[in-house]
Amino acid sequence: MTHLLLAATVLPSEQTFSREAGRETAMAKDILGEAGLHFDELNKLRVLDPEVTQQTTELKEECKDFVDKIGQFQKIVGGLIELVDQLAKEAENEKMKAIGARNLLKSIAKQREAQQQQLQALIAEKKMQLERYRVEYEALCKVEAEQNEFIDQFIFQK
């Protein structure tokens, strides 16, 4: 509403002057624009077009965000790699424990097998000894029977 009042109080000669000044300013801007010079929002002379400057600023901010996100990603990946390495070490330790336990079981099984073979050999030896003792016992029983018979015959003859 204030703008309407101001426009209404401007005299016609001043309107013509301001239109001409606006045209001259627009022409100057066009000429400078063709030369590669531009005015920014603060009316400072710039080499780059304000749109390009804005796009450059936006790109710079996006790049900064991207770099920050890449940094966060690297931290996450680094943590993940450390975790995987730790798990790999734990798995390797468990694997070594399992191999040790398996080897222990194998050695225990071999010891038992060797002990079983020793015991079977001892049993076979004892069976052979028993058979010898049985044969010897039978022989001694036969000798005793013969001697008892001889004694009995000797006593009856007297």
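If you check an unreviewed UniProt entry, the chain appears there as Intraflagellar transport 20 from Phyllostomus discolor. Recorded in UniProt under Subcellular location (unreviewed entry), the annotation for the chain is "Cell projection, Cilium".

1. Some thoughts on the overall build of the chain
Broken down by element type, the chain carries 3 helices and 2 strands. Mapped in sequence order, the helices and strands of the chain form the string α-α-β-β-α. Every one of the 158 residues in the chain was classed for burial, and the buried ones make up 1%. When the accessible surface of the chain is split by element, carbon and sulfur atoms take 61% of a total near 15,000 Å².

2. Here we look at a nonpolar patch on the surface
Taken together, the side chains of Leu80, Leu83, Val84 and Leu87 present a nonpolar region at the surface, about 370 Å² in accessible area. Mapping Val84 onto the fold places it in helix α3 (residues 50-157). In this structure Val84 comes out as partly exposed when scored by relative accessible area, which is 46%.

3. Let's talk about the pattern of salt bridges
Within this structure, the stated rule accounts for 4 salt bridges. Asp68 is paired through a salt bridge with Lys64; the nearest N and O atoms lie 3.5 Å apart. Of the two residues, Asp68 and Lys64 both sit in helix α3, 4 residues apart, roughly one turn of that helix. When its relative accessible area of 54% is taken as the criterion, Lys64 is described as exposed. Shared partners join several salt bridges into a network, and the residues in it are Glu131, Arg134 and Glu138.

4. A word on the confidence of the model for the chain
Per-residue pLDDT for the chain averages 84, and the proportion of residues at 70 or more is 74%. Averaged pLDDT values over the elements of the chain bottom out at 37 in helix α1 (residues 2-9) and peak at 95 in α3. A low-confidence stretch, residues 1-14 (pLDDT under 50), is modelled with 2 contacts involving residues beyond four sequence positions or located in other chains.

5. Remarks on a negative patch on the surface
Residues Glu58, Glu61, Glu62 and Asp65 make up a contiguous surface patch of negative charge. For Glu58, the location among the structural elements is in helix α3.

6. Some details on the UniProt feature "coiled-coil region" (unreviewed entry) in the chain
When the UniProt feature table is mapped onto this chain, "coiled-coil region" (unreviewed entry) is found at residues 105-136. End-to-end, the C-alpha atoms of residues 105-136 are 46 Å apart, and along that stretch the chain is 100% helix and 0% strand.

Basis of the calculations
Per chain, residue numbering runs from 1 following the sequence as it is written. pLDDT decides what is reported in this predicted model: residues at 70 or higher carry local features, side-chain atom pairs at 80 or more are listed and counted, and totals for whole chains, interfaces and linings draw on all residues regardless. Working from all heavy atoms in the structure, the side-chain values ignore hydrogens and water. UniProt positions are given in the numbering used here, feature names are shortened, and annotations may be inferred rather than shown by experiment. Numbering of helices and strands runs from the N terminus, with a helix taken as a DSSP run of H or I at least four residues long and a strand as a DSSP run of E at least two residues long. Only protein chains enter the accessibility calculation, which uses a 1.4 Å probe; a residue is then buried when its area is under 20% of its type maximum, exposed when over 50%, and partly exposed in between. Reported accessibility uses the Shrake-Rupley method at a 1.4 Å probe radius. Residues are deemed covered only where the shown protein chains occlude them. A patch is a set of surface residues, each over 30% in relative accessible area and not in a salt bridge, joined within 9 Å for like charges and within 5 Å for the nonpolar side chains Val, Leu, Ile, Met, Phe, Trp and Tyr. Any Lys or Arg side-chain nitrogen located within 4 Å of an Asp or Glu carboxyl oxygen qualifies as a salt bridge. Per-residue confidence from the predictor is given as pLDDT, running between 0 and 100. What makes two residues a contact is simply this: any of their non-hydrogen atoms within 4.5 Å. A residue counts as positive if it is Lys or Arg and as negative if it is Asp or Glu; His and the chain ends are not included. In this description, the location of a charge corresponds to atom NZ of lysine, CZ of arginine, CG of aspartate or CD of glutamate.

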